[in-house]
Amino acid sequence: MKGRVIKSTGSWYQVSTEKGMLQCRLRGKFKQDDLKLTNPVAVGDWVLLSLEENQETAVIAEILPRENYIIRKSTRKQTFSHILASNVDQAFLMITLNNPRTSLGFIDRFLVSTESFRIPAFILVNKSDTWTKDKDLEYLEVIQEIYAPLGYPVLLMASLHEENLKEDLRPLLKGKTTLLAGHSGVGKSTLLNQLVPTASQSTRPVSKFTSKGVHTTTFAEMFAFEEHAYLIDTPGIKEFGILDIEDQELSHYFVELRKYLGQCKYNNCKHINEPGCKVLEVLEEGYIHPYRYDSYIKILHEEDSYR
Ligand SMILES: Nc1nc2c(ncn2[C@@H]2O[C@H](COP(=O)(O)OP(=O)(O)O)[C@@H](O)[C@H]2O)c(=O)[nH]1
Ligand SMILES: [Mg+2]
Ligand SMILES: [Zn+2]
């Protein structure tokens, strides 16, 4: 029997099948290609099951090949990664402009991880009701100026207050599995509760003292928005992992750099300071945003084990 993992709570997995929801577990160890993972089975995985004798629970016999996946660094083991979700059709990155401000570096790391699988990404700028200062609006302008022209739609919202979000987002969500990601406290669960009232995901105020949201969602979980449309709520993420990307490959995942690849003098150009580098040339001419180039260089210089 085939099913899709919609929730994991450590040792048990909730799997949606044609016979309804089944509690499933793993038997033995799974071989995980070359990935060093802290979770063998991820939300979004398609799996093959065999029913146990009681007919009420099942064993996951096989994980079907993943079309794509989004990972983050394990919080416990430095060189390990944790698959947040797999087999997603598109990703919503929710961000906020203040308390706390989502950094451009964080956005760019996320976009590298979605681009590596060509997963379409949207940027949801939430809590629009709190934008009172010039510096919020200036930051918003920078975000719109950078990402919209690259093909990442920038949507503004106030998930706590808007009534029509469900209708507004319905055309985007239809027929797709959508990953909802972002720092803790930005309002992901609040949005999810608007879209899927039965989800009743717990939400919690951002702490006044630290401006850091308290973790209320500990595991990713998938919810049906309507038939064939799913949303995956993820726990707040500090950093995304970028796995197995070679130096020369990284620029493939910056859409605006990708355009110029093959035009540098050296075919192994990393676009740092090489002579005849096309990327540096167009950066100079203003065709690449300096903040994006900055992110590129920062990710390039990170330790391999962190990528
Ligand atoms: N002012 C304002 N607060 C919001 C909005 N959306 C969510 N919040 C609040 O932000 C806090 C964190 O929300 P939550 O959905 O738990 O964030 P999550 O960690 O991303 O799931 C809660 O106190 C929400 O009520 C919004 O649009 N405006
Ligand atoms: Mg949450
Ligand atoms: Zn170059």
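Placed above this text is the structure.
Cut-offs applied
- Residues numbered from 1 in each chain as written.
- Chains lettered and ligands numbered in written order.
- Predicted model: local features only at pLDDT ≥ 70, side-chain atom pairs only at ≥ 80, totals over all residues.
- Heavy atoms only, no water.
- Phe/Tyr/Trp six-rings, centres within 6.5 Å; stacked < 30°, edge-to-face > 60°.
- Helix = DSSP H or I, 4+ residues; strand = E, 2+ residues; numbered from the N terminus.
- Buried < 20%, exposed > 50% of the residue type's maximum accessible area, 1.4 Å probe, protein only.
- Lys NZ or Arg CZ within 6 Å of the ring centre and 35° of its normal.
- Near = heavy atom within 4 Å.
- Polar contact = N/O pair within 3.5 Å; in protein donor to acceptor, adjacent residues only side chain to side chain.
- Nonpolar A, V, L, I, M, F, W, Y, C, P; charged D, E, K, R; others polar.
- Expected span 1.5 Å × (residues − 1).
- Arc of directions from axis to C-beta.
- Donors = N, O, S within 2.8 Å, 3.2 Å for Na, K, Ca; no water.
- Tetrahedral: all angles 85-135°; square planar, octahedral: opposite > 155°, others 65-115°.
- Patch = residues over 30% accessible without salt bridge, like charges linked within 9 Å, V, L, I, M, F, W, Y side chains within 5 Å.
- Areas by Shrake-Rupley, 256 points an atom, 1.4 Å probe, with all protein chains shown as cover.
- Salt bridge = Lys/Arg side-chain N within 4 Å of Asp/Glu carboxyl O.
- Lys, Arg positive; Asp, Glu negative; His and termini not counted.
- Charge placed at Lys NZ, Arg CZ, Asp CG, Glu CD.
- Pairing = 2+ DSSP bridges.
- Contact = heavy atoms within 4.5 Å.

A.B. asks: Is there a simple way to think about the packing of aromatic side chains in this case?
C.D. replies: Each pair of aromatic rings is reported with the distance of its centres and the angle of its planes. For the coordinates displayed, the defined rule picks out five aromatic pairs. With 6.0 Å between their ring centres and 35 degrees between their planes, Tyr293 and Tyr296 make a pair best called tilted. Linking Tyr293 with Tyr296, this pair stays in helix H8 (residues 290-300), spanning three residues, or about one helical turn. Assessed through its relative accessible area of 11%, Tyr293 is described here as buried. An aromatic cluster is defined as three or more aromatic residues linked by ring pairs; in this entry it consists of Phe254, Tyr293 and Tyr296. Note that Lys2 overlies the ring of Trp46, its terminal NZ or CZ placed 4.7 Å from the centroid. A cation over an aromatic ring shows up here: Arg101 above the ring of Tyr139, its NZ or CZ 3.8 Å from the ring centre.

A.B. asks: How should the site of ligand 1 be read in this particular structure?
C.D. replies: Taken together, 19 residues are adjacent to ligand 1, and Asp129, Gly185, Lys188, Ser189 and Thr190 come closest. Contacts to ligand 1 include Lys127, whose side-chain N or O atom sits 3.0 Å from an oxygen atom. With respect to ligand 1, the backbone of Gly187 contributes an N or O atom lying 3.0 Å from an oxygen atom. Its residues assigned to classes, the shell around ligand 1 comprises four nonpolar, eleven polar and four charged.

A.B. asks: How should I be thinking about helix H2 (residues 134-147) in this particular structure?
C.D. replies: Compared with an ideal rise of 1.5 Å per residue, which puts 14 residues at 20 Å, H2 spans 20 Å between its outermost C-alpha atoms and is within 8% of the ideal. Taken residue by residue, H2 has Asp136, Tyr139, Leu140, Val142, Ile143, Ile146 and Tyr147 as its buried positions. For H2, the angular spread of buried residues about the axis comes to 160 degrees, placing them on one side. Among the exposed residues of H2, those pointing more than 90 degrees away from its buried face are Asp134, Glu138, Glu141 and Glu145.

A.B. asks: Mind showing me how you'd approach the coordination of the zinc ion (ligand 3) here?
C.D. replies: Summarising the metal site, the zinc ion (ligand 3) is bound by the protein donors Cys264 (SG), Cys269 (SG), His271 (ND1) and Cys277 (SG), whose distances to it range over 2.1 to 2.4 Å. One can describe the donor arrangement at the zinc ion (ligand 3) as tetrahedral, given that its four donor atoms subtend angles of 105 to 114 degrees at the metal. Take Cys277: its relative accessible area is 6%, and that puts it in the buried class.

A.B. asks: I'm lost on a negative patch on the surface in this one. Help?
C.D. replies: Where like charges cluster on the molecular surface, the negative patch consists of Asp134, Glu138, Glu141 and Glu145. Examined against the element boundaries, Glu138 turns out to sit in helix H2.

A.B. asks: Explanation requested: the pairing of strand E12 (residues 221-226) in the structure shown.
C.D. replies: Note on strand geometry: in a regular strand, side chains alternate between the two faces of the sheet. In this sheet, strand E13 (residues 229-233) lies alongside E12 in antiparallel orientation, the contact comprising five bridges. What sits directly across from Glu226, in E13, is Ala229. Hairpin connection, E12 to E13: the antiparallel pair is bridged by two residues, and His228 has positive phi, about 65 degrees.

A.B. asks: So what exactly am I meant to see when it comes to the side chain of Glu52 here?
C.D. replies: With respect to the helices and strands, Glu52 occurs in the loop between strand E4 (46-51) and strand E5 (57-63). Judged by relative accessible area, which is 15%, Glu52 ranks as buried. Ignoring anything within four residues of it in the chain, the contact list for Glu52 reads Arg25, Arg27, Thr57, Ala58 and Val59.

A.B. asks: So what exactly am I meant to see when it comes to the pairing of strand E3 (residues 20-26) here?
C.D. replies: Inspection of the sheet shows strand E2 (residues 12-17) paired to E3 by six bridges, in the antiparallel sense. Paired with Tyr13 across the strands is Cys24, a residue of E3. In the sheet, E3 pairs with E5 via four bridges, with the strands oriented parallel. Residue pairing across strands places Gln23 opposite Thr57, the latter belonging to E5.

Nothing here speaks to function; it is geometry throughout.
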